[in-house]
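# Notes for the structure review
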Amino acid sequence: MNFKSIIIFATALILVACNNDKKEEAKKEGGMPAMGMGMMNPMETVEISKSNPLVMLKLAGELKPDQRTELFAKVNSYVKSIRVDIGDRVSAGQVLVVLEAPEIQSQVANAKAKLEAQEAIYLSTKATYDRTMKANETQGAIAKDALDQIKARMLADEAQLNAAKSAYSEIRDVNNYLVIKAPFSGTVTSRNVDLGAFVTPMSKEPLLVVENNSKLRLNLSVAEANTPYIKLGDTVRFHVRSRPQDSYVALVSRKSGSLDLKLRSEKMEADFINKGNVLKPYMIAETTIPLQNSEPTFFVPKSAVVESGTGVYVIRVEDGKTKNVPVSKGRAMPDKLEVFGELNDGDKILKMGSEEIQEGTEVPNKPNSADNEKE
């Protein structure tokens, strides 16, 4: 075979190969639309029926101390002594910080001296009055004017004594502010002053922070749709990121009874007994809350619920045509959503709802695999 014949033969093989490739591509292109049409049917329906599944609500919460207080100075003063530090356990009434204010202590001493002097004056006047009244038992021994004068002097001295007592009590109470005690048993979690520091009631930072962490409050913000299913005493299971291998249980103890204006959710608290202080305040808790209804309701595919500017609805098929049925949403599952509206057992709705489907659109009377599916 000469060189020219070889070239002609090779060219023929290349043309045949290219032709086969084009046929194969054409075959693929012709088959894909048919497959796509078979997989996606916008008018596919599902038949709905009532059920009452146990829906697990997963919600993030925050652990907070059962009690927490920030301790500030009540008068301008200096820190004389600090008897605790961060991490120390304290008991209710224990002295934590002693402050010093020389001018207040001087006022206390002054008020006490005035009280003692006024007491002496009153006791002297009272003794004179008593002797006078004793002498007055003898008819005509004491003139009435003299009797009235001694009585008036005694009453005036008694009033001065009461005023001195009140002034001393007031300044003594201020002096008591110089001794800061623990309001409850707990742990010192913050200290912001040192010895000799000048402190005032207007200080931005507290002297100390005391928290009771033996019991923690699990704070939850529950969406409006889920609030009817959570009751006082319900169990909340949760875990924290720092101890993912452990699971904990808290009991719902408080419900605010009102919704947050911005989030439209209700604040709830679940108590957790923090044995051994294994958990810390302000940890993020991943919670699981069981939601069980008292009666069966409708659960439909999430794709069947249409949310538009005109409202929330599902599309029901009536007499071969579509009809928008307004609904309100309830509990959510991974692939289904609880809805409430004018629906009945056995109704057929579109599995893939869409705003683009106009009300009254004819639905082909063609059986599909989802017609007999129960939701």
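Shown above is the structure to which this text applies.
About the criteria used
Residues numbered from 1 in each chain as written. Predicted model: local features only at pLDDT ≥ 70, side-chain atom pairs only at ≥ 80, totals over all residues. Heavy atoms only, no water. Helix = DSSP H or I, 4+ residues; strand = E, 2+ residues; numbered from the N terminus. Contact = heavy atoms within 4.5 Å. Areas by Shrake-Rupley, 256 points an atom, 1.4 Å probe, with all protein chains shown as cover. Buried < 20%, exposed > 50% of the residue type's maximum accessible area, 1.4 Å probe, protein only. Expected span 1.5 Å × (residues − 1). Pairing = 2+ DSSP bridges. Salt bridge = Lys/Arg side-chain N within 4 Å of Asp/Glu carboxyl O. Phe/Tyr/Trp six-rings, centres within 6.5 Å; stacked < 30°, edge-to-face > 60°. Lys, Arg positive; Asp, Glu negative; His and termini not counted. Polar contact = N/O pair within 3.5 Å; in protein donor to acceptor, adjacent residues only side chain to side chain.

What follows concerns the overall build of the protein chain. Looking only at helices and strands, the protein chain has 3 helices and 20 strands in total. Nonlocal contacts in the protein chain, meaning residues at least 24 apart in sequence, comprise 75% of its contacts between residues at least 6 apart. Per element, the accessible surface of the protein chain, about 23,300 Å² overall, is 54% carbon and sulfur.

We now examine the environment of P201. Among the structural elements, P201 can be located in the loop between β9 (198–199) and β10 (208–223). For P201, a relative accessible area of 37% puts it in the partly exposed group. C-alpha separation for the pair P201 and V75, spaced 126 residues apart in sequence, amounts to 5.9 Å. Other than its neighbours up to four places away in sequence, P201 contacts A73, K74, V75 and N76.

Turning our attention to helix α2 (residues 102–135). Its 34 residues give α2 an end-to-end C-alpha distance of 50 Å, which sits within 8% of 50 Å, the value for a rise of 1.5 Å per residue. Taken together, the buried positions of α2 are occupied by I104, V108, A111, L115, Q118, Y122, T125, Y129 and T132.

Attention shifts here to the pairing of strand β8 (residues 186–191). Note: strand β5 (residues 89–90) against β8, 2 bridges, orientation antiparallel. Within the sheet, the bridge partner assigned to V90 lies in β8 and is G186.

Further remarks concern the pattern of salt bridges. Inspection of every chain in the model, using the stated rule, returns 17 salt bridges. The shortest N-O distance in the salt bridge between D347 and R316 comes to 2.9 Å. Of this pair, D347 sits in the loop between β19 (336–341) and β20 (348–350) while R316 sits in strand β17 (residues 311–318), placing them 31 residues apart in sequence. There is no split in this pair, since D347 and R316 are both buried. Where R331 meets E338, a salt bridge forms, and the shortest distance between an N and an O atom there is 2.9 Å. Each member of the pair, R331 as well as E338, is classed as buried. If you follow the salt bridges from partner to partner, you end up with D66, K215, R217, R254, E269 and D271 in one network.

A full pass over the atoms with the stated rule returns 4 aromatic pairs. Ring geometry for F238 and F272: centres 5.5 Å apart, planes at 85 degrees, overall edge-to-face. Here F238, found in strand β11 (residues 235–240), pairs with F272, found in strand β13 (residues 265–273); they are 34 residues apart in sequence, far enough to count as distant. The same class applies to F238 as to F272, namely buried. Ring centres of Y248 and F272 lie 5.6 Å apart, and the angle between their planes is 75 degrees; on these two criteria the pair is classed as edge-to-face. With Y248 in strand β12 (residues 248–259) and F272 in strand β13, this pair connects stretches of sequence that are 24 residues apart. This pair shows no difference in class: Y248 is buried, exactly as F272 is. These aromatic residues form a ring-pair network of at least three members: F238, Y248 and F272.

Relative to the helices and strands, E266 resides in strand β13. Buried and without a salt bridge, E266 has K255 as its closest oppositely charged side chain, separated by 4.4 Å. A polar side-chain atom of E266 sits 2.9 Å from the main-chain amide nitrogen of G257. Discounting chain neighbours no more than four positions away, the residues touching E266 are L220, S221, V222, T227, K255, S256, G257, S258 and L259.

Through backbone hydrogen bonds, the strands of a sheet pair up, either in parallel or in antiparallel fashion. In space, the 4 strands of this open sheet follow the order β7-β6-β4-β9, with antiparallel pairing throughout. Among the strands making up the open sheet, the edge pair consists of β7 (179–181) and β9. Two elements, strand β4 (residues 77–82) and β9, share 2 bridges in a ladder whose sense is antiparallel. Counterpart to Y78 in the pairing with β9 is F198.

Of the residues examined, R316 reaches a relative accessible area of 10% and is grouped as buried. At 2.9 Å, the side chain of R316 and the backbone oxygen of E342 are in polar contact. A distance of 2.9 Å separates the side chain of R316 from the side chain of D347, its partner in a polar contact. Setting aside residues up to four positions removed in sequence, R316 forms contacts with K321, T322, K323, V325, E342, L343, N344, D347, K348 and I349.

Turning our attention to the pairing of β4. Looking at chain direction, β4 and strand β6 (residues 95–100) are connected through 4 bridges and run antiparallel. What sits directly across from I82, in β6, is V97.

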